[in-house]
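Working through the structure, step by step
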Amino acid sequence: MEINRINLKKILPYINDDFILLVPNQRIKDAIISQYLESLPNKACSTPAIFPIDIFVKKQWELNARKLIQPYCNFQLISTREELLIWNEIIETSLQSIPLLNTEETANSASHSYRLAKQWITNEILDKELSINSPIKDTAVFSGWAKDYQNYCQKHQLIGLVDAMLTLTEEGKKNGLAKYLKKFVLVNFFNPPPLYKLFFKALPNFVEVFTNSDGSYALNLKKTKLEFQSQNSEIRNCAIWAKSILKEYPNAHIGIITTEKSVRPKVELALKNTLAPEQLFTNPANYAPANMASNDKTLFEHALIYDAFLILKLSEDQYYTDDIIRLLQSPYLDICQRAQEDQENGISTSLSNKLRQQANPTIKGREFFNFIKNPDSPFYSKALSSQLVGLRSKIRRIKNLGTPLEWSLLFEDILSEFGWPGKIIDNGEKYLVREWQELLKKFSALPSMSPRFSCNIALIKLQLLAKKTLQQNYYNTSLPVSFFSISEAIGLEFDYVWLLGMDDHRWPEPINPSPFLPYSLQNEFNIPNSNSETQLNTALLQFQQLLISTRIAINASYHKNDGNQEFRPSNFLKDFNPEEASKESDKLMS
């Protein structure tokens, strides 16, 4: 018996009639595909044409570009990570006139604000309201950056996803989309932004379908409110509850839904400890206890990739001693293994001990080099010293000014000389190496405002890309547990749901308006997170969708305090049964 994650009956006729299905995200596509394949008596079949909306736009753009159709062939579509690099570079060039504490965070906020504005506000109004002469200082500054971003993209023939969707929409209205694109079904687009609605109108013969139930589940849905003293207790009880459900109903689809995605590591660890504790010893890195929308861990945070950056930063004039100690003991560098073989007493260990005794947390590059290059030194390492000389020589060879392609090739060469990534046998690490290679490929192809720049600037740009590259989570059809935020869960169906963190501080979510767009404009167009009324309406819609998408029972819990402040249950839980809370808590804890 398969795990039911979506109501296939409502969309099966369209699949059988060869419609193109557009869905909001990859999660819904995965659920439809897996359930469709499970429903077939013969598993061998052609894959239905199902696309997340952003992937569909990308494919259409690239297909038209290959056919040399204008304007598609004149612009290269870039990812949000590549957009961020452009914004970061634009903001850094403005630092002399606009002092900022954190350019990286500012670039992230500005890039997000630009996409929000394009999705929710028409170009005519944006052109009128966003001006460098705006009396609102932040808006005036952002207007200048946005104009620089557009000029940069125009000059280098680049285009971001929101601008590509707008162009595709306008071209579709004038000339129509490709002739073979005749029948569309829009699946589970509950509250799309205006840009999406305009794009949908450019599609020929589209039909909207919502797969959730008609509300009959909600009539008999068991709703329980649970209170806990601490967040750890709340999460631990949730994991125990999931185990008890699966013991009786192994094919139930269990949704652990949170108002706060930052609890993900705690939830993941609790599920691992409870559902499969043996995996913590045999396969801790690769075992996933639940399907998740995204991994909060970036490429940069993985030890294998972090060590790669530490090697490349050996080109700098000063190092952190902790970083050098880490490199000397890294399992990902063959050069450090060879350094240990230079002398019988173990160079890496003795040098690490020497560095730990340093009072200063940093060490100059020349001082470290003197440690390892002198044959009379107890820390002499012929292998490591020759590699450091080679690294600096290669950088000097291009006069410390290279193009993105030159730096990419040089970084690859340096890492190879140091023996990175070593002898890896783990599939997860092999995946990270492929991600690193893809990162270098994207970096090498990205134009820059300056055609040539220093090694330090190159590393800053590459590191920013790595920090914005989230590790991909692969969908596992055999996992009965899903962990999502409330917005991520919309469009799927569950047998049992546990809502974590349902207190009056977290739901409805607090407002978080864009600092760069006029507040009056955000309020007028109901941009998400902009005001209390919009947040309340969004919360009501999402909460209702979640209730009618749950078949059997839903628990909603909160913890009373976090050590700093007291919490009360969200007003959304007023018709949840509080009388069973203490009984259920005692039962789970026992």
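In this text, all values refer to a predicted model and were calculated from it rather than measured experimentally.

If you trace the backbone, Gln535 turns up in helix H25 (residues 532–548). Taking the relative accessible area as the measure of exposure, Gln535 reaches 7% and is therefore buried. A C-alpha to C-alpha distance of 6.4 Å links Gln535 and Pro508, two positions 27 residues apart in sequence.

Glancing now at the nonpolar core. The biggest cluster of nonpolar side chains holds 104 residues, and the ones touching the most others in it are Phe368, Trp420 and Trp436. Contacts of Trp420, omitting those with residues within four sequence positions, involve Leu304, Ile305, Ala308, Ile311, Tyr332, Leu333, Leu415 and Trp436. The next biggest cluster of nonpolar side chains, apart from the first, holds 37 residues, and it includes Ile15, Phe19, Ile257 and Leu546.

What follows deals with the sheet that holds strand E1 (residues 20–23). Within the open sheet, the four strands sit side by side as E2-E1-E5-E6. Their pairing is parallel. One side of each edge strand has no neighbouring strand; the edge strands of this open sheet are strand E2 (50–52) and strand E6 (206–209). Across the sheet, the mean angle from the axis of one strand to that of its neighbour is 25°, orientation sign disregarded. Looking at chain direction, strand E5 (residues 184–187) and E6 are connected through four bridges and run parallel. Bridge pairing links Phe184 to Phe206 in E6. Against the sheet, helix H2 (residues 26–39) makes contact with E1, E2 and E5, and its axis sits at roughly 160° relative to E2, the strand it touches most.

On to the side chain of Thr298, then. You can see Thr298 is positioned in the loop between strand E9 (291–292) and helix H14 (303–312). Once residues within four sequence positions are removed from consideration, Thr298 is found in contact with Ala466, Lys467, Thr469 and Leu470.

Mapped onto the fold, Arg81 is located in helix H4 (residues 80–93). Spatially, the C-alpha atoms of Arg81 and Lys442 are 9.7 Å apart, while their sequence positions differ by 361 residues. Ignoring sequence-local partners within four residues, the contact set of Arg81 consists of Leu439, Lys442, Leu465, Lys468 and Thr469. Among the polar contacts listed, one links the side chain of Arg81 to the side chain of Thr469, at a separation of 2.6 Å.

Here helix H3 (residues 53–66) is 14 residues long and its end C-alpha atoms lie 20 Å apart, about the 20 Å a rise of 1.5 Å per residue gives. Listing the buried residues of H3 in full gives Ile53, Phe56, Val57, Gln60, Trp61, Leu63 and Asn64. Projected onto a plane normal to the axis of H3, the buried residues spread over an arc of 165° and lie on a single side. Leu68, located one to two residues past H3, shows a positive phi value of around 60°.

With parallel pairing, six strands are arranged side by side in an open sheet as E7-E14-E13-E8-E12-E9. Since the sheet does not close on itself, it has two edges, and those belong to strand E7 (222–228) and E9, each with one partner. In the sheet, strand E8 (residues 254–258) pairs with strand E13 (residues 494–500) via five bridges, with the strands oriented parallel. For Ile257, the partnering residue across the bridge sits in E13 and is Leu499. Contacts from helix H12 (residues 264–275) reach E8, E9, strand E12 (481–485) and E13 within the one sheet, and its direction differs from that of E12 by about 170°.

Applying the stated criterion across every chain yields a total of 27 aromatic pairs. Seen in terms of ring centroids, Tyr249 and Tyr496 are 6.2 Å apart; in terms of plane orientation they differ by 25°. Their pairing is stacked. Here the residue Tyr249 occupies a position in the loop between helix H11 (231–248) and E8, and Tyr496 occupies one in strand E13, the gap between them amounting to 247 residues. Look at Tyr249 and you get partly exposed, because its relative accessible area is 38%.

In this fold, Ile159 is placed in strand E4 (residues 158–159). As a C-alpha pair, Ile159 and Val497 span 338 residues in sequence and 41 Å in three-dimensional space. For Ile159, the residues in contact, after removing those within four places along its chain, are Trp61, Phe75, Gln76, Leu77, Ile78, Ala164 and Thr167.

Once that is clear, we can look at unusual backbone geometry. The bulk of non-glycine residues show a negative phi, and the bulk of peptide bonds are trans. At the junction of Gln70 and Pro71, the peptide bond is cis and its omega measures out at 0° in the coordinates. Following the sequence through the fold, Pro71 ends up in the loop between H3 and strand E3 (76–77). Each neighbour pair has its own omega, and for Trp507 with Pro508 the value is 0°, a cis peptide bond. Relative to the elements of secondary structure, Pro508 occurs in the loop between E13 and helix H24 (519–524). A positive phi angle, near 60°, is found at Asp18, a position not held by glycine.

Attention shifts here to the pattern of salt bridges. This model, assessed by the stated rule, comprises 15 salt bridges. Arg264 is paired through a salt bridge with Glu268; the nearest N and O atoms lie 3.3 Å apart. Placement of both Arg264 and Glu268 in helix H12 is noted, with a separation of four residues, approximately one turn of the helix. According to the relative accessible area criterion, Arg264 is buried, its value standing at 7%. Arg551 is the partner of Glu493 in a salt bridge, and the nearest nitrogen-oxygen pair spans 2.9 Å. Here Glu493, found in the loop between helix H23 (486–489) and E13, pairs with Arg551, found in strand E14 (residues 550–559); they are 58 residues apart in sequence, far enough to count as distant. A single burial state applies to Glu493 and to Arg551, both of which are buried. Each of Glu260, Asp503 and Arg506 takes part in salt bridges that share partners, so that together they form one network.

Right, let's talk about the side chain of Gln231 for a bit. Mapping Gln231 onto the fold places it in helix H11. Looking at Gln231, the relative accessible area reads 17%, which means it is buried. Once residues within four sequence positions are removed from consideration, Gln231 is found in contact with Glu260, Val263, Lys266 and His559.

Our focus in this paragraph is the pairing of E1. Moving residue by residue along a regular strand, the side chains alternate between the two faces of the sheet. Of the two faces of E1, the one carrying Ile20 and Leu22 and the one carrying Leu21 and Val23 are both buried. Here E1 runs beside E5; their pairing, made up of three bridges, is parallel. Bridging from a neighbouring strand, Ile20 pairs with Phe184 of E5. When E1 meets E2, the two strands line up parallel, connected through three bridges. Looking at the pairing, Leu21 lines up with Ile50 of E2.

Rules used in this analysis
- Residues numbered from 1 in each chain as written.
- Predicted model: local features only at pLDDT ≥ 70, side-chain atom pairs only at ≥ 80, totals over all residues.
- Heavy atoms only, no water.
- Helix = DSSP H or I, 4+ residues; strand = E, 2+ residues; numbered from the N terminus.
- Buried < 20%, exposed > 50% of the residue type's maximum accessible area, 1.4 Å probe, protein only.
- Core = buried A, V, L, I, M, F, W, Y, C linked by side-chain atoms within 4.5 Å.
- Contact = heavy atoms within 4.5 Å.
- Pairing = 2+ DSSP bridges.
- Axes fitted to C-alpha atoms, helices over the stretch in contact; angles between N-to-C directions.
- Polar contact = N/O pair within 3.5 Å; in protein donor to acceptor, adjacent residues only side chain to side chain.
- Expected span 1.5 Å × (residues − 1).
- Arc of directions from axis to C-beta.
- Phe/Tyr/Trp six-rings, centres within 6.5 Å; stacked < 30°, edge-to-face > 60°.
- Salt bridge = Lys/Arg side-chain N within 4 Å of Asp/Glu carboxyl O.

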